[in-house]
Amino acid sequence: QVQLVESGGGLVQPGGSLRLSCVVTGRIDSIADMAWYFQVPGKQRELVARITAGGSTYYADSVKGRFTISRDNAKMMIGLQMNYLVPEDTAVYYCNGDIRGVGLGISRNYWGQGTQVTVSS
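Residues numbered from 1 in each chain as written. Predicted model: local features only at pLDDT ≥ 70, side-chain atom pairs only at ≥ 80, totals over all residues. Heavy atoms only, no water.

Enquirer: Sorry, what's going on with the overall build of the chain here?
Expert: Along the chain, the regular secondary structure elements total 0 helices and 11 strands. The C-alpha radius of gyration of the chain comes to 14 Å, within 12% of the 14 Å expected for a compact globule of 121 residues. Seen along its three principal axes, the alpha-carbon backbone of the chain occupies a region of about 50 × 25 × 25 Å. In the chain, buried positions account for 39% of the 121 residues. Within the chain, contacts between residues at least 6 apart in sequence are counted, and of these 54% link residues at least 24 apart. Carbon and sulfur atoms provide 49% of the accessible area of the chain, an area that totals close to 6,500 Å². (Helix = DSSP H or I, 4+ residues; strand = E, 2+ residues; numbered from the N terminus. Rg over C-alpha atoms; globule rule 2.2 N^0.38 Å. Buried < 20%, exposed > 50% of the residue type's maximum accessible area, 1.4 Å probe, protein only. Contact = heavy atoms within 4.5 Å. Areas by Shrake-Rupley, 256 points an atom, 1.4 Å probe, with all protein chains shown as cover.)

Here it is as structure tokens:
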């Protein structure tokens, strides 16, 4: 069974940094695009950053220059380095990926369980 397991959230002061990690577990055939989303209560989940299998990246305007998404294909994991955090970054962050499990003909989209990031003094 394919699962995405996130870690690294927590409480940080404005201007601080956090690093999120997401590991893909299970019997995996291939992993295509992976991404980080965030969600605040009462609002829709929004894309923060995406990285393709080849390493091309996309960032939401609000995080450009502050956040960096990375990927380690051998370890089947992605990271999100978050610098210069501001209170508006407070949200639950979710890992997302297009993944094909062993024995399955097509890729499916999977979500992690989410990790809380709180930016507050």
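Alright, that's what it looks like, and here's the rest.
Enquirer: How should I be thinking about the state of the cysteines in this particular structure?
Expert: Taken as a whole and judged by the stated rule, the model has 1 disulfide. Between the sulfur atoms of Cys 22 and its disulfide mate Cys 95 the distance is 2.1 Å. Taking the sign of the torsion about the S-S bond as the criterion, the disulfide between Cys 22 and Cys 95, at about -80 degrees, is left-handed. Of this pair, Cys 22 sits in strand β3 (residues 18-25) while Cys 95 is found in strand β9 (residues 91-101), placing the two residues 73 residues apart along the sequence. (Disulfide = S-S within 2.5 Å.)

Enquirer: What exactly am I supposed to notice about the pattern of salt bridges here?
Expert: Two side chains with opposite charge may pair up if their charged atoms get near one another. Inspection of the entire model under this criterion finds 3 salt bridges. The partner of Asp 89 in a salt bridge is Arg 66, with the nearest N and O atoms 2.8 Å apart. With a gap of 23 residues between them, Asp 89 in the loop between β8 (77-82) and β9 and Arg 66 in the loop between β6 (57-59) and β7 (67-72) connect regions that are remote in the sequence. This pair shows no difference in class: Asp 89 is buried, exactly as Arg 66 is. (Salt bridge = Lys/Arg side-chain N within 4 Å of Asp/Glu carboxyl O.)

Enquirer: Mind showing me how you'd approach the nonpolar core here?
Expert: Among soluble globular proteins, nonpolar side chains are generally buried collectively. Ranked by size, the top nonpolar core spans 31 residues in total, and within it Leu 4, Met 34, Trp 36, Val 48, Leu 80, Met 82 and Tyr 93 carry the most contacts. Here this core gets 5 residues from one element, more than from any other, and that element is strand β4 (residues 28-39). (Core = buried A, V, L, I, M, F, W, Y, C linked by side-chain atoms within 4.5 Å.)

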